[in-house]
Number of protein chains: 2
Amino acid sequence: MESQLTQIAANRCFGGWHKRFRHRSAVLDCNMVFAVYLPPQAESGAKSGAKSGKVPVFYWLSGLTCTDENFMQKAGAMRMAAELGIAIVAPDTSPRGPDVPGDPDGAWDFGLGAGFYVNATREPWAKHYRMHDYVVRELPALVEAELPVTDRRSISGHSMGGHGALVCALRNPGRYRAVSAFAPIGNPASVPWGEKAFERFFGTDYAAWLDWDSCALLGRATEKLPILVDQGDADSFLEKQLKPENLQRAAEAAGHPLTLRMQPGYDHSYFFIASFIDDHLRHHAAALLAD
Amino acid sequence: MESQLTQIAANRCFGGWHKRFRHRSAVLDCNMVFAVYLPPQAESGAKSGAKSGKVPVFYWLSGLTCTDENFMQKAGAMRMAAELGIAIVAPDTSPRGPDVPGDPDGAWDFGLGAGFYVNATREPWAKHYRMHDYVVRELPALVEAELPVTDRRSISGHSMGGHGALVCALRNPGRYRAVSAFAPIGNPASVPWGEKAFERFFGTDYAAWLDWDSCALLGRATEKLPILVDQGDADSFLEKQLKPENLQRAAEAAGHPLTLRMQPGYDHSYFFIASFIDDHLRHHAAALLAD
């Protein structure tokens, strides 16, 4: 079988490999790039004790304006991933390419680099903006077919990607073994970033809005996967866009286990993510590597 | 006394602070920006046991095209610096500003972002390009006067910055307690990058060239500070620009302790640096924190 992946970069890192691949996405109807970190265990199988040399996958969804590169270059996650024997897959944050419409006003908080990990229903967005199906189905199927990884998955992300991670886990019971988020947009249906995106993607069908809102989804979740959230209290987007208190209230009302850690003095940057990524990787590993 | 530093960024990171400062450099005759990481011990003094709360400083010199930001964002060094109680100072890689001449052809390997950490003697370069004096004298004096650090210093760097670190240590006995380098331009007087820069900075005064060449300086060094060098064997600049074998030969001839670690499969990127930065920080800490 011919590979669907074209490798465009490969860097040795902590005894494993950081690689970038280009591929055609049928779901998004465009070419996409994603990054992967394969720990040393994925090559030799020696440290993991697995004869196959296959490792579970931690999916990372990045925030507004990011690509597959930000997390891989700035989070300092590979050291712990190599130690634990976990692969990392980082998709892009939206469909891309000359045929994909961006923000009509050229803004950075909608469209290209800002797909919000939903399946849009309104044109011109619905043709390409199906990041949820891409992240949850198409990309894992491709990764699991072509790279040395198992079908054990977990998911995390930052800001818009934190929203994406929570929604992916809450909408797809049984698909992920662990979930966490950094400074997520936990209640997008009630904040400006989310309102702008959802109005374009779904129009005034507010029931659809709630299908992509973690606070609403928590009330319906049948699977009670424990959620770990870190949030800096000096984050300039905290009050207007992030509202972790709404997420916490929804989790409490639903009896859903959520640990919200307010981190004093931390902002919205990758310096914040790097400071706590090891905790998240250990949280994910406990579930991914359990017998 | 009024501060000479204007803080332009501050991010909480691993319990300490990443900060960026702008200041006027008299040596370089322009405004400069540098970055610092202050570990938690620099605030409280608690973990270090030092009443003053002052910590030693690891200076990092970056490579061609970099600024103060690359290492701080991509090396993943803060985690270990916070654990060890060591500050990091990362200067820019050249003088900057509208009055500073860059490469006449607009190339990226000379001039702006490519100051080679020397004191130029030829105009139009000599007026601004005095990065050696800036890095060795002016910046440490400023940092030690205004930030919670001691005068215990060590120095490391990457590529052009690896060359800079070795030259700073070899030319200034007693000034640094430890030195190391990642993929350094160890013999600049004999490779294209160095030849281009040195011809412009010093003309055909080849004796001056050797004053800034680590291989030549090793032959004259009175202080035998042990040198740690990591070099990827898949580095695309290895044979033409880096020539670690020349450095090793010069160290052997001089009886200078040098550990050259050839790292199989690693390239010239920050993925390589991140993979081994902890080893370097421990190497520096052993000297910086010794009684």
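Bear in mind that the values here come from a model prediction, so they are computed numbers and not experimental data. (Residues numbered from 1 in each chain as written. Chains lettered and ligands numbered in written order. Predicted model: local features only at pLDDT ≥ 70, side-chain atom pairs only at ≥ 80, totals over all residues. Heavy atoms only, no water.)

**With respect to the pairing of strand β8 (residues 227-232) of chain A**
Both faces of the sheet carry side chains from a regular strand, because those side chains alternate between them.
Residues and elements named next belong to chain A.
So, point 1. Across the six residues of β8, six count as buried, placing the element largely inside the fold.
So, point 2. By the alternation rule, side chains of β8 split into Ile 227, Val 229 and Gln 231 and Leu 228, Asp 230 and Gly 232, which are all buried.
So, point 3. Bridge analysis of strand β7 (residues 178-182) against β8 gives four bridges, and the strand direction is parallel. For Val 179, the partnering residue across the bridge sits in β8 and is Ile 227.
So, point 4. Note: β8 against strand β9 (residues 258-263), six bridges, orientation parallel. Across the sheet, Asp 230 pairs through a bridge with Arg 261, a residue of β9. (Buried < 20%, exposed > 50% of the residue type's maximum accessible area, 1.4 Å probe, protein only. Helix = DSSP H or I, 4+ residues; strand = E, 2+ residues; numbered from the N terminus. Pairing = 2+ DSSP bridges.)

**Thoughts on the state of the cysteines**
Residues and elements named next belong to chain A.
So, point 1. Under the counting rule described, the total for this entry stands at zero disulfides over all chains.
So, point 2. Not part of a disulfide, Cys 30 finds its nearest cysteine sulfur in Cys 168, a span of 17 Å.
So, point 3. Overall, the relative accessible area of 4% leaves Cys 30 in the buried class. (Disulfide = S-S within 2.5 Å.)

**Topic: the pattern of salt bridges**
So, point 1. Throughout the structure, instances matching the rule amount to 34 salt bridges over all chains.
So, point 2. Notably, a salt bridge pairs B:Glu144 with B:Arg153, separated by 2.7 Å at the nearest N-O pair. With respect to burial, B:Glu144 and B:Arg153 carry one shared label: buried.
So, point 3. Residues B:Arg220 and B:Asp211 are paired through a salt bridge, measuring 3.0 Å at the closest nitrogen-oxygen approach.
So, point 4. One connected set of salt bridges, linked through shared partners, spans A:Asp103, A:Asp105, A:Asp109, A:Lys196 and A:Arg200. (Salt bridge = Lys/Arg side-chain N within 4 Å of Asp/Glu carboxyl O.)

**A closer look at unusual backbone geometry**
So, point 1. Note that the residue after A:Glu123, namely A:Pro124, is joined by a cis bond; omega there is 5°.
So, point 2. Position of A:Pro124 among the secondary structure elements: in the loop between β5 (87-90) and α4 (131-146).
So, point 3. Located in the positive-phi region is A:Ala183, a residue other than glycine, with phi close to 45°.
So, point 4. Relative to the assigned elements, A:Ala183 resides in the loop between β7 and α6 (192-202).
So, point 5. The class for A:Ala183 is buried, based on a relative accessible area of 0%.
So, point 6. Although it is not a glycine, B:Asp29 adopts a positive phi angle of roughly 55°.
So, point 7. Positionally, B:Asp29 belongs in the loop between β2 (16-25) and β3 (30-38).

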